[in-house]
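So the chains spell out like this:
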Amino acid sequence: MSFLPRRLAPLYALVAVVAAAPLPAQETEQKPVAAPFLVVNIAGVERWQENVRYVFKAIERNDVFDKADGMLGRVNNLNGVDRSKPFGLMVYLNGLNPTLVGYLPVSNIAELQKTLSIGPLTAKRVDGKDDRYELTGGRRTLYVRFKNGFGFVADNSDVVEREFPDPAVVTRALSARYDLAIQMGLDAIPDASRSILLSLLRGNIEAQLQQRDNERPAEYRIRKASGMSNLQLLEQVLKHGRNITIGWDVNPEKKLSVLQFELECRPDSELSSYLINVGSKPTQFRGVLSDRSPFAMSLSWALDKMRQKSLVEIITEGREAIAPSRPEEAEKSKIDSGVRDAAAKLLDQALATAEQGHIDIFAQMSSVGEGRMAFTAGVRVADADAVAGPLSDLLGSLGDKSPFKEIQREVDAHRGMAIHRLIPKTVRGPDMALYGEEMAIHVGAGQRAFWLAVGGREAIPALRKAMDAMNDAASSPPAEGSADPFRMVFNMEGWKDVGAQPDRAEPGRELMKKAFQPGSDSLRIDVRPTENGARLKLEFDEGFLRWLALQIAQRYDRSQL
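Source: prediction; values computed, not measured.

Caption draft 1: Seen up close, helix α13 (residues 337-355). Between its terminal C-alpha atoms α13 stretches 27 Å, which fits the 27 Å expected from 19 residues at 1.5 Å a residue. Listing the buried residues of α13 in full gives Val339, Arg340, Ala342, Ala343, Ala344, Leu346, Gln349, Leu351, Thr353 and Ala354. With a side-chain oxygen positioned 2.8 Å from the backbone nitrogen of Gly338, the residue opening α13 is Asp336. Within two residues after α13, Gly357 carries a phi angle of roughly 75°, on the positive side.

Caption draft 2: Molecular detail of the environment of Gly444. Mapped onto the elements of the fold, Gly444 is located in strand β16 (residues 440-446). For Gly444, a relative accessible area of 0% puts it in the buried group. Separated by 66 residues in sequence, Gly444 and Gly378 place their C-alpha atoms 9.6 Å apart. Each residue touching Gly444, except ones within four places of it in the same chain, is listed here: Leu391, Met417, Ala418, Ala449, Phe450 and Trp451.

Caption draft 3: Up close: the confidence of the model for the protein. For the protein, mean pLDDT is 85; residues scoring 70 or higher make up 90% of the total. Predicted confidence for residues 1-31 stays below pLDDT 50, and this span has 61 contacts to residues more than four positions away or in other chains.

Caption draft 4: Region of the structure containing helix α3 (residues 45-58). Here α3 is 14 residues long and its end C-alpha atoms lie 20 Å apart, about the 20 Å a rise of 1.5 Å per residue gives. Listed as buried for α3 are Val45, Gln49, Asn51, Tyr54, Val55 and Phe56. Elements in contact with the buried residues of α3: α4 (62-70), β2 (87-94), β9 (241-251), β10 (256-265) and α18 (542-560). Residue Glu60 follows α3 closely and has a positive phi angle near 60°.

Caption draft 5: Local environment of the environment of Val312. Along the chain, Val312 turns up in helix α11 (residues 305-322). Overall, the relative accessible area of 19% leaves Val312 in the buried class. As a C-alpha pair, Val312 and Ala225 span 87 residues in sequence and 9.4 Å in three-dimensional space. When residues no more than four places from it in sequence are discounted, the contact partners of Val312 are Leu351, Ala354 and Glu355.

Caption draft 6: Quick peek at the packing of helix α17 (residues 507-515) against α18. At a minimum axis separation of 8 Å, α17 and α18 run at an interaxial angle of 135°. Classed by the angle they form, the pair α17 and α18 counts as oblique. Here α17 runs over α18; the crossing is right-handed. For the pair α17 and α18, the contacting residues are Leu511, Met512, Lys514 and Ala515 in the first and Gly543, Arg546, Trp547, Leu550, Gln551 and Gln554 in the second.

Caption draft 7: The arrangement of the pairing of strand β14 (residues 404-414) in detail. Note: β14 against strand β15 (residues 417-424), seven bridges, orientation antiparallel. Within the sheet, the bridge partner assigned to His414 lies in β15 and is Met417. Here β14 folds back onto β15 in antiparallel fashion, the turn holding two residues, of which Arg415 has a positive phi close to 55°.

Caption draft 8: Fine view of the packing of aromatic side chains. Applying the stated criterion across every chain, the model contains 11 aromatic pairs. Taken together, a centroid distance of 5.2 Å and an interplanar angle of 45° make the contact between Phe295 and Phe490 tilted. Of the two residues, Phe295 is situated in strand β11 (residues 295-302) and Phe490 in strand β18 (residues 486-491); the sequence distance between them amounts to 195 residues. Residue class for Phe490 comes out partly exposed when judged on its relative accessible area of 26%. On the numbers, 6.0 Å between centres and 65° between planes, the contact of Phe362 with Trp451 is edge-to-face. Highlighted residues: Phe362 in strand β12 (residues 358-369) and Trp451 in strand β17 (residues 449-455), separated in sequence by 89 residues. For Trp451, a relative accessible area of 0% corresponds to the buried category.

Caption draft 9: Expanded view of the layout of surface pockets. Its volume calculated, the second largest pocket comes out at about 560 Å³. Lining the second largest pocket are 20 residues; nearest its centre among them are Leu233, Tyr274, Leu275, Trp301 and Arg307. Every element with two or more residues in the lining of the second largest pocket is listed here: α9 (217-240), β10, α10 (270-277), β11, α11 and β20 (533-541). When residues in the lining of the second largest pocket are grouped by element, the largest group, four residues, is from α9. Of the residues in the lining of the second largest pocket, the class split is 16 nonpolar, one polar and three charged.

Cut-offs applied
- Residues numbered from 1 in each chain as written.
- Predicted model: local features only at pLDDT ≥ 70, side-chain atom pairs only at ≥ 80, totals over all residues.
- Heavy atoms only, no water.
- Helix = DSSP H or I, 4+ residues; strand = E, 2+ residues; numbered from the N terminus.
- Expected span 1.5 Å × (residues − 1).
- Buried < 20%, exposed > 50% of the residue type's maximum accessible area, 1.4 Å probe, protein only.
- Polar contact = N/O pair within 3.5 Å; in protein donor to acceptor, adjacent residues only side chain to side chain.
- Contact = heavy atoms within 4.5 Å.
- pLDDT = per-residue confidence, 0-100.
- Axes fitted to C-alpha atoms, helices over the stretch in contact; angles between N-to-C directions.
- Parallel < 35°, antiparallel > 145°, perpendicular 65-115°, else oblique.
- Left-handed = near helix turned anticlockwise from the far one by under 90°.
- Pairing = 2+ DSSP bridges.
- Phe/Tyr/Trp six-rings, centres within 6.5 Å; stacked < 30°, edge-to-face > 60°.
- 1 Å grid on protein atoms, 1.4 Å probe; cavity = no way out; pocket = protein on both sides within 12 Å on 5 of 7 lines; lining within 4 Å.
- Points joined across faces, edges and corners; volume = space filled by probe spheres on them.
- Nonpolar A, V, L, I, M, F, W, Y, C, P; charged D, E, K, R; others polar.

This is the structure in structure tokens:
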């Protein structure tokens, strides 16, 4: 790791100045200072050391931690830096131009003087200003000012003359929640700059949404409706958003790590109201999902009028592309009339569902033995009974040009719903490894949903089980948390034997088995409204940290050979 000292040049810069400068006393009165537009904050050297120690202890490789920790000896163990306080970067906006200011906590001048001896930069005090320094090294000069126990560094001498907020105060909430955080303060964008940014954003996206050469009108209208919906959401974020925060935290006590994205909006804004209401309708598929499935996902999203309108437009244009309403366009269609008519009826039901303003979907993988899976999914529809007939008609109208070598209608039935089997002409190797040689697709409509199951002979029993679980749960009140708009879980234990080949050595799979154990192998993802916004959280069990540490340890061992 001979590159380490060179990568720490900015740190050397701050160390060099502090070693030659007295720390100014704390000011009793703080002048009003501008808030930064962006903050990148690391909660402290000490906290990161403890996290790294925990990760390698989890795989019983303290020797790797000792080696990594010993690398700090090359920079005098960072003596003189206050390891308990945060350090990082603040970004200010001048119009739309960013200005970067680094900050580093300082503790002991005498120790920093020892650290200075290995630094690549030279510090020179600015004449007449005891707290301002210039750092020179190579072709670059940095400018530093010390205040309130922190060193502020920038590449412009005018920048360090400004008054900066106390980093310990600005980052207090971030450091309390996250080891590493990035926070964008949208309120810090001046109104004039915000207007310019909005104009540039709209102009750029609208230019991309122009009709392309040889693009069919219906395809263009679908793409435009989707793009305009995304544009409107981005505009709302820029107009009504206050803060966007991305944070990473490792919790040794709970043996997990969390990556979180959070949007805070202005109270009572249109965007805030929308985000609060997205979880107002619980999923009808509650009771189906198992938290110990290899994979499970639930989406129950209440749409506002704007996004509901966009979805209706997309489905309407899709229907027009498949089954044109004008006779002259229908005559030009290369799609079989039976397929067109059945597809049109199915899309009419999709349209009726969209007009209700509620998207409700579930999907799940189930282990069925011998390293194989069965996939089940369901989509809520406004009138499932009105879907069943056109679905059967559509399958009966598909000809030899379809991707299926055989379509078996009504091969089974459950709770009054006919189940159809579609056997593909070809099955890819990964799909065969996942589902088995008898892989087929099974579909049906009934019980308030369109249903899908993929797999071998176990697929239909898995589908029946899902339908029974949904109906059993319908008789009881929703459990706490069932109204989360989005939930997803991966359990790595369930994947360790998928596609395994006993006669072949698979080091990656063995590493995976060593890292992921039942009860510490889950990745949980959820989206949840907050008081004035929304939060996306990814929660990793300890197994993911062990998996990362094992890979690092493996590379370390190879480097010692």
